[in-house]
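# Survey of secondary and tertiary structure
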Amino acid sequence: MGKMSRNKGSRGEREVLALLGSDFKRTGYAGISNPDLSSDWACVSVKNKAIPISLKKALQEIITLEAQEPTKEHYIVVKVARGKWLIIQRIEQFRNNRC
């Protein structure tokens with residue numbers, strides 16, 4: 001991974017961390033397969049991309065997070081080239097928390 005790409009990822013993690021608040025801390029580091037942000041109740045993978053992440057890759061990432069931290073909720077937070085941050089999650093998780 002190049003320095004510019006790594007820096008862009010780190011900037012994205014810090015930006016999302018500021019939006020989520022003090023419940024979360026940065027836990028992902030280059031070369032280590034961990035969620036980028038973590039709290040007592042959730043794991044977050046941050047994708048700050050020039051091109052959109054495929055839904056297939058997002059689902060694979062959620063499955064990986066669920067295997068690593070089975071007791072927590074799992075989210076993928078994505079921003080594409082100067083866009084707004086979006087959250088990807090399973091509909092069952094949304095339904096259980098919101099309905």
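Just above, that's the structure.
About the cut-offs
Residues numbered from 1 in each chain as written. Predicted model: local features only at pLDDT ≥ 70, side-chain atom pairs only at ≥ 80, totals over all residues. Heavy atoms only, no water. Helix = DSSP H or I, 4+ residues; strand = E, 2+ residues; numbered from the N terminus. Buried < 20%, exposed > 50% of the residue type's maximum accessible area, 1.4 Å probe, protein only. Phe/Tyr/Trp six-rings, centres within 6.5 Å; stacked < 30°, edge-to-face > 60°. Expected span 1.5 Å × (residues − 1). Arc of directions from axis to C-beta. Contact = heavy atoms within 4.5 Å.

Okay, the side chain of asparagine 48 next. Along the chain, asparagine 48 turns up in strand E3 (residues 42–49). For asparagine 48, a relative accessible area of 17% puts it in the buried group.

Positive phi outside glycine occurs at alanine 81, with the angle close to 30°. Note on placement: alanine 81 falls in the loop between strand E4 (73–80) and strand E5 (86–88). Of note, arginine 82 is a non-glycine position whose phi angle comes to about 65°, a positive value. Structurally, arginine 82 can be placed in the loop between E4 and E5.

Moving on, we come to the packing of aromatic side chains. This model, assessed by the stated rule, comprises two aromatic pairs. Ring centres 5.6 Å apart and planes at 70° place the aromatic pair phenylalanine 24 and tryptophan 41 in the edge-to-face group. Taken together, the positions of phenylalanine 24 in the loop between helix H1 (3–20) and strand E1 (25–26) and tryptophan 41 in the loop between strand E2 (37–38) and E3 put the pair 17 residues apart, joining distant regions of the chain. Assessed through its relative accessible area of 9%, phenylalanine 24 is described here as buried. The exposure class assigned to tryptophan 41 is partly exposed, which follows from its relative accessible area of 41%. One aromatic cluster is present, built from ring pairs that chain together Phe24, Trp41 and Tyr75.

Now for H1. Along its 18 residues, H1 runs 26 Å from first to last C-alpha, staying within 8% of the 26 Å computed at 1.5 Å per residue. What H1 keeps buried is the set Ser10, Gly12, Glu13 and Val16. One side of H1 holds all its buried residues, which, seen down the axis, span an arc of 155°. Across H1 from its buried face, at more than 90 degrees, point the exposed residues Lys3, Met4, Ala18 and Leu19. Its buried side turned inward, H1 meets E1, E2, E3 and E4. At the C-terminal side of H1, glycine 21 shows a positive phi close to 100°.

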